[in-house]
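Structure assessment
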Amino acid sequence: MLSTSVILISIHSFGCGGNTATSGKQTADTSQLPPVETKRANADYSPAFKGQTRAAGVKTTTPYTVEIIAEKLGNPWAVITMPDGRLLITEKSGYMQIHDANGKPVKKITGFPQVEDRAQGGLLDVALDPAFATNKTIYWTYAEKYENGNLMAVAKGQLNEAESKIENPVVIFRATPALKSSLHFGSRLLFDKDENLFVSTGERSILEGRKQAQWLNSGLGKIFKITKDGKPAAGNPFLNTKDAMPEIYAYGIRNAQSLDIHPVTGALWEAEFGPRGGDELNIIQAGKNYGWPVITYGIEYDGDEVGSAIQQQAGMEQPVYYWDPVLSPSGMAFYKGNTIPEWTNNLFIGGLNSNHIARLVIENNKVVGEERLLTDKNERFRDVAYFNGMLYAVTDAGNLYRISKK
Ligand SMILES: [Ca+2]
């Protein structure tokens, strides 16, 4: 069963590009190819700075292998690696599964509180306690029925000895208020080096929630920083602001399913879904306002302008990069190694509607190169994880991919 589930899909071998090798150092990455996006933008807005959208195209020259190492996973939403190299994958309907490093499913984990598995809701992201090896504690986000609606909740519990069940599950945080919507729950969950959790959430898509992305007394459209017990992290920016939720770290977010920490700078990077056009990549800083729904490079799905059609405003942060048409960014991961040297510190973002993984070359906090990977797979890439020189990705069709150096 193990060997038959491993299907070698394709081998990419682009060889040595040739005309860009001008020195011994690996510089082929930032050669000036045309931008990968060639379609017309939905909006005719001008970027705030050169390179904020449609950066130069780049092409990986190191040969690499793309494999599907597991199939029929149902609706996987997140993939993370465990300290021993195994993979932990969440399933939207309400359970998790451990796979070995070659993709073979080895454990099914149940016992999670009921999730609202509807549209964008369900069991969503997962993170392991930094001391997981000894305390077996895991944290997860999910869409929870609550009061007269639903919301994004963060819970934690302990994996039992048999790795089959979550014990003592307890909700540690809720992004209140509950609204009646099946959309824009966020959410990613990520430990910072100080062992606090960053959590992203969305504004629930409906107009009632949208405006609350700007409200400091609402948990919608926010990045939070919380302790392992769900309390506000020490040093949070609004601890002393009257009526503000003290768990808020940053605000003005539309719907962020993407967080990772830059391996060199330690900064928190975030990607979020814009409306029609205007998907964003942001560097999240404490206390900053990321603008939604006041500023955006996108338009409404019906073609109308969003609000007053403003793209830039004092006191609101500009995205590092944006996409129009959209990427539909779900999970992402920095390539934190040098097995494929030209990928070191690059960012890989799973694209849903765009059906590819975006590779971004970043220099001095700006995107200087973009490549589209796995464009031939026709998959909605839901999450990307890095481990030991390899990238893993899960898709809405239930496939688990591994991308490794050839
Ligand atoms: Ca923004």
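I will try to describe carefully the structure that is included in this document. (Residues numbered from 1 in each chain as written. Predicted model: local features only at pLDDT ≥ 70, side-chain atom pairs only at ≥ 80, totals over all residues. Heavy atoms only, no water.)

**Let's talk about unusual backbone geometry**
With an omega of 5 degrees, the peptide bond running from Gly 186 to Ser 187 counts as cis. Omega for the peptide link from Asp 324 to Pro 325 comes to 0 degrees, which places this bond in the cis form. With respect to the element layout, Pro 325 can be found in the loop between strand 18 (321-323) and strand 19 (329-334). In this model, Glu 147 sits at a positive phi of 45 degrees, which is unusual for a non-glycine residue. Checked against the element boundaries, Glu 147 lands in the loop between strand 8 (137-146) and strand 9 (149-159). By relative accessible area, which is 66% here, Glu 147 ends up exposed. Not every positive phi belongs to a glycine, and Asn 168 is a case in point at roughly 55 degrees. Along the chain, the position of Asn 168 falls in strand 10 (residues 166-174). Judged by its relative accessible area of 58%, Asn 168 falls in the exposed class. (Helix = DSSP H or I, 4+ residues; strand = E, 2+ residues; numbered from the N terminus. Buried < 20%, exposed > 50% of the residue type's maximum accessible area, 1.4 Å probe, protein only.)

**A closer look at the coordination of the calcium ion**
Here the calcium ion is held by the protein donor atoms Glu 280 (OE), Glu 280 (OE) and Tyr 290 (O), which lie 2.3 to 2.6 Å from it. Of this pair, Glu 280 sits in strand 17 (residues 279-284) while Tyr 290 sits in the loop between strand 17 and strand 18, placing them 10 residues apart in sequence. Residue class for Tyr 290 comes out buried when judged on its relative accessible area of 2%. (Donors = N, O, S within 2.8 Å, 3.2 Å for Na, K, Ca; no water.)

**Examining the pattern of salt bridges**
For side chains bearing opposite charge, pairing can occur when the charged atoms are close. Within this structure, the stated rule accounts for 22 salt bridges. Glu 163 is the salt-bridge partner of Arg 86, the closest N and O atoms lying 2.7 Å from each other. Within this pair, whereas Arg 86 is found in the loop between strand 3 (76-81) and strand 4 (87-91), its partner Glu 163 is found in the loop between strand 9 and strand 10, the two being separated by 77 residues in sequence. Side by side, Arg 86 and Glu 163 carry an identical accessibility label, which is buried. (Salt bridge = Lys/Arg side-chain N within 4 Å of Asp/Glu carboxyl O.)

**So, the sheet that holds strand 7 (residues 123-128)**
Strands sit in the order 7-8-9-10 across an open sheet of four strands; the sheet is antiparallel. Edge positions in the sheet fall to strand 7 and strand 10, since each has one partner strand and no second. Recorded for the sheet is a direction-independent mean angle of 30 degrees between the axes of neighbouring strands. Relative to strand 8, strand 7 runs antiparallel, the two being bridged by four bridges. Bridge assignment links Leu 128 to a residue of strand 8, and that residue is Ile 138. (Pairing = 2+ DSSP bridges. Axes fitted to C-alpha atoms, helices over the stretch in contact; angles between N-to-C directions.)

**Section: the sheet that holds strand 11 (residues 189-191)**
Read across the open sheet, the four strands follow the order 11-12-13-14; overall the sheet is antiparallel. Strands with a single pairing partner mark the edges of an open sheet, and in this sheet they are strand 11 and strand 14 (248-251). For this sheet, the mean angle separating the axes of adjacent strands, direction not counted, is 20 degrees. Pairing analysis gives four bridges linking strand 12 (residues 197-200) to strand 13 (residues 222-226), with the strands arranged antiparallel. Counterpart to Leu 197 in the pairing with strand 13 is Ile 226.

**Digging into the nonpolar core**
In terms of nonpolar packing, the biggest core is built from 21 residues, with Leu 88, Met 96, Ile 109, Phe 112, Ile 138 and Trp 140 touching the most fellow members. Within the residue set of this core, elements represented by two or more residues are strand 5 (95-99), strand 7, strand 8 and strand 9. Ranked by residue count, the leading element in this core is strand 9, at four residues. (Core = buried A, V, L, I, M, F, W, Y, C linked by side-chain atoms within 4.5 Å.)

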